Amino acid sequence: MSINASKTKLMTFKRTTSSIDFNYSLDDKLLDHCTSIKDLGIVLDSSFGYSLHIDQLCCRASGMIGLIMRTARHGHGSNALVLPYKSLVLQLLEYASVVWSPYQVGLIDRLQSVQNKFLRYLHWREPDRPLNLLRLHPLVVRREVADVVFLYEFLNFVVVCPPLLERIAFRLPSGTRSRRLFELSHLNRNDLQSLRVSQATLFSKTAFLMTSLRSTIPTTASAETSPMSQ
């Protein structure tokens, strides 16, 4: 298989503002340097962040919401508008979210503002109708559910990738009280940079989430069957 040099880009991933750049060539053609590139629908920048991807995502989703609003002038109700929103907008906001799901509050709010714009429009059209009946859950909750589903499929070999499986630290319980499935890394809470890196890792944040779910579900079940609740 031959590689087209004109469609090949060169990007250096780095954490600092300065880097040592080197010119690479392919078929005697010098490759162009770039600071961001789209691969399989996801925009990557040189700092390995996804803020640029989220900005472009929100712009596209806002344009789709504008299209839905213009269509709503013909007298469609809220239920009829939610269907194209889920089909056109949510599929944009959740495509491959397991890869780029943010942990920064600013980016989380930026994504949620797109859905809030649509919800405000529905409330303006039908102010007497409760919005919770539409079952449009917060986007951060939907991304967390997608992360847990991916990890479940990954652990049950629906998704097979041995290099990623090696990065999961399973916990071997030494007692009967702890119900943790994974070994969670202990970080210095004063080290904000280490905390951000840990939260940005897919398996780390999903392991925290699944551990918290397992710790709350038995408590709820025991509270319902306890004599005090009767």
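Shown above is the structure to which this text applies.
The shown structure was predicted, so the numbers you read here are calculated from the model rather than taken from an experiment. (Residues numbered from 1 in each chain as written. Predicted model: local features only at pLDDT ≥ 70, side-chain atom pairs only at ≥ 80, totals over all residues. Heavy atoms only, no water.)

A few points about helix α2 (residues 78–93)
(1) Moving on: The sharpest bend along α2 comes to roughly 40°, located at K86.
(2) Moving on: Along α2, the positions that sit buried rather than exposed are S78, L81, V82, Y85, V89, L90, L92 and L93.
(3) Moving on: Structurally, α2 contributes buried residues whose contacts are with α1 (51–71), α3 (97–100), α4 (105–125) and α5 (139–155). (Bend = angle between axes of the 7 residues up to and from the residue. Helix = DSSP H or I, 4+ residues; strand = E, 2+ residues; numbered from the N terminus. Buried < 20%, exposed > 50% of the residue type's maximum accessible area, 1.4 Å probe, protein only. Contact = heavy atoms within 4.5 Å.)

Structural notes on unusual backbone geometry
(1) Moving on: Even without glycine at this site, R135 takes up a positive phi of about 60°.
(2) Moving on: With respect to the helices and strands, the residue R135 is situated in the loop between α4 and α5.
(3) Moving on: A relative accessible area of 64% places R135 in the exposed class.
(4) Moving on: Positioned with a positive phi, F157 is a non-glycine residue whose angle comes to about 60°.
(5) Moving on: Counting through the fold element by element, F157 comes out in the loop between α5 and α6 (162–165).
(6) Moving on: Owing to a relative accessible area of 57%, F157 belongs among the exposed residues under this scheme.

Overview of the pairing of strand β6 (residues 42–45)
(1) Moving on: Burial of β6 is two-sided: the residues I42 and L44 facing one way and the residues V43 and D45 facing the other way are all buried.
(2) Moving on: Note that strand β5 (residues 36–39) and β6 share four bridges and pair antiparallel. Bridge pairing links S36 to D45 in β6.
(3) Moving on: Between β5 and β6, which follow one another and run antiparallel, lie two residues, and L40 among them has a positive phi close to 55°. (Pairing = 2+ DSSP bridges.)

Regarding the nonpolar core
(1) Moving on: Y85, V89, L93, L111 and F118 are the most contacted members of the largest nonpolar core, which has 30 residues in total.
(2) Moving on: Put simply, the parts of the chain that give this core at least two residues each are β6, α1, α2 and α4.
(3) Moving on: Setting aside chain neighbours within four positions, we find F118 in contact with I65, I68, L81, V82, Y85 and L136.
(4) Moving on: In terms of nonpolar packing, the next biggest core, distinct from the first, is built from six residues, V98, F150, L151 and I168 among them. (Core = buried A, V, L, I, M, F, W, Y, C linked by side-chain atoms within 4.5 Å.)

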